[in-house]
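# Examination of the molecular architecture
Listed below, chain by chain, are the residues.
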Amino acid sequence: MPPRPSGAPEPAERRELLSAGDVARTIARMAHQVIEKTSLGASGAGPVVLLGIPTRGAPLATRLAGKIAEFGAVEVPVGALDVTLYRDDLRRKPTRPLGQTALPPGGIDDALVVLVDDVLFSGRTIRAALDALRDVGRPRAVQLAVLVDRGHRELPIRADYVGKNVPTARAEEVHVQLSEIDGNDVVMLHRPGEGA
Amino acid sequence: MKHLLGTEGLDPATALAILDTADGLKRTLLGREVRKLPTLRGRTVVTCFYEDSTRTRVSFEIAGKWMSADVVNVSAGSSSVKKGESLRDTALTLAAAGADCVVVRHPASGAAHRLASWLSHTNTSVVNAGDGTHEHPTQALLDMATLRERLGGVEGRRIAIVGDVLHSRVARSNVHLLTSFGADVVLVAPPTLLPTGVADWPVGAAGSLRISHELDPELPTLDAVMVLRVQAERMHGGFFPSAREYSIAYGLSAARAAVLPEHAVVLHPGPMLRGMEIAGSVADSGRAAITQQVTNGVHVRMAVLYHLLAGEEEAA
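Residues numbered from 1 in each chain as written. Chains lettered and ligands numbered in written order. Predicted model: local features only at pLDDT ≥ 70, side-chain atom pairs only at ≥ 80, totals over all residues.

Another aspect to go through is the overall build of chain B. Within chain B one finds 10 helices and nine strands. In terms of overall size, chain B behaves like a compact globule, its C-alpha atoms giving a radius of gyration of 19 Å where 316 residues would be expected to give roughly 20 Å. Taken over the C-alpha atoms alone, chain B extends approximately 55 × 45 × 35 Å along its principal axes. Taking all 316 residues of chain B together, 48% fall into the buried category. Contacts spanning at least 24 positions in sequence make up 82% of the contacts within chain B whose residues lie at least 6 apart. (Helix = DSSP H or I, 4+ residues; strand = E, 2+ residues; numbered from the N terminus. Rg over C-alpha atoms; globule rule 2.2 N^0.38 Å. Buried ≥ 20, exposed ≤ 12 C-beta atoms within 10 Å, placed from the backbone. Contact = placed C-beta atoms within 7 Å.)

In structure tokens, the structure reads:
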């Protein structure tokens, strides 16, 4: 599982992967890619819905929609899809609080749903998201956008839009911070020290 | 959390986590065609009721089923309890048969605590669904969920609990929970329907508890009224001269409801006796949250099962 840091203590070794400027540029580039790949705004293109996976996928989806509106002059509905109740690792961790699920008013039936998350790691969160999607409607197709792909997939899942590919060791952690939640934008790679 | 036995001693942070989960579940399921979550797949919940119940048993069953747990119902009337099996042996049997959670209602106060101690060597969780005149924690939690929705919270709010406090586990559980969230609670009842020592009940530091024998002076300043049922089945003596006299002195009539502030909410844990402790017109009015309480009851019980069964095993 990609760790979802919240005020994590200062570790021994940290390296910055993306600065605040990099995060903004990356999201802008992903917005262009979404517009192109989904033919957004073109006549005959079906509806597109962005669904962020809480915690940090939700503000990412909102930002992505903002950029899409800016570049493509198209308003895409944005929502949030919490996958906690669909996870396969609930019994391995202390009880998790639930995130917010908020579907756009029009729902997701027959729309192209772009799932948005911060880090793609094992793929298990996305597996849970696909199950959760099935319970809330029947999208025309599902795509995946992630800010960071750090590898180590445990399931046959891949992203359609990747902000940055980062080769990592399994023991390393990628911490995404977003101003909406953490006060600032940055992506850090945390390498635990010996014995950590 | 391994067991949920009462609201006394329930850490407010845990209570808040349960309420937030219930709220999240309610939003998640809102407007859905398929109300089924895979979260508790493969877990087994046994409801074991030694007393009659409609809403508590049904809502636990629905709660378990909506989360994909297997739910088995045992009622005292149609089980080996009738042949004389003790509560302890029934409990050990249910645990041995594979119950991950036993939801128990029993006429004896303290039954859920005993059950939990008998099952302490197992992984089985116990939920108290009402033990005698002691506690009914999920009812207090669903009342709190309803008050949060209607009033935005209970801190600094004045809430009256009216009626048969003596026999009411709902009143006791609510006093603990409401005061721990900072509510000012007033118990309104005739002296004969108040338990001895009620003035010394432990009260959450943030809230307060007061006793009153008269309903009318309280009404204009209340944010919520919780009306209790007069429990005829537990009354073996003259607690009041007649049902009519009780109704006149303590029943929430339309005239009394009219004195309440505009925003005040009316709650009743059910089953209600219309015309006795509450007038039918009040129970059906917009300020009554009685069906909302039942709906919230399902989500609160889902949240309780989630907190007991979904996380990693905890030492008791």
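The next thing to look at is the domain arrangement of chain B. Note: interface size is frequently given as the accessible area lost on complex formation between the parts. Residue and element names in this part refer to chain B. On domain assignment, one finds that chain B holds domain 1 (12-135 + 294-309) and domain 2 (137-293). A separation of 25 Å is found between the C-alpha centroids of domain 1 and domain 2. Residue-level contacts link 23 residues of domain 1 with 21 residues of domain 2. It is helix α10 (residues 290-309) that provides the largest number of residues to the side of domain 1 that touches domain 2, a total of seven residues. Its residues assigned to classes, the side of domain 1 that touches domain 2 shows 10 nonpolar, nine polar and four charged. (Domains from an automatic or database assignment. Nonpolar A, V, L, I, M, F, W, Y, C, P; charged D, E, K, R; others polar.)

With 15 residues of chain A at the contact, the number on the chain B side is 15 residues. In the side of chain A that touches chain B, the residues fall into seven nonpolar, two polar and six charged.

The next subject is the sheet that holds strand β4 (residues 125-131) of chain B. Residue and element names in this part refer to chain B. An order of β2-β1-β3-β4 is seen for the four strands of this open sheet, with the pairing classed as parallel. Every other strand in the sheet has two partners, leaving β2 (70-75) and β4 as the edge strands with one partner each. Strand after strand, the sheet turns through a mean of 15 degrees between neighbouring axes, direction not considered. Inspection of the sheet shows strand β1 (residues 44-49) paired to strand β3 (residues 101-106) by five bridges, in the parallel sense. Counterpart to Val-45 in the pairing with β3 is Cys-101. The sheet strands contacting helix α4 (residues 111-118) are β3 and β4, and the helix crosses β4 at an angle near 165 degrees. (Pairing = 2+ DSSP bridges. Axes fitted to C-alpha atoms, helices over the stretch in contact; angles between N-to-C directions.)

Residues and elements named next belong to chain B. Among the five residues that make up strand β6 (residues 184-188), five are buried, leaving the element largely enclosed by the rest of the structure. Alternating residues of β6 divide into Asp-184, Val-186 and Val-188 and Val-185 and Leu-187, and every residue in both groups is buried. In the classification by handedness, the crossover that spans strand β5 (residues 158-162), the intervening helix α6 (residues 169-180) and the parallel β6 is right-handed. Here five bridges tie β6 to strand β7 (residues 208-212), and the two strands are oriented parallel to one another. In the strand pairing of β7, Asp-184 is matched with Ser-208. (Right-handed = clockwise from strand over helix to strand, strands pointing away.)

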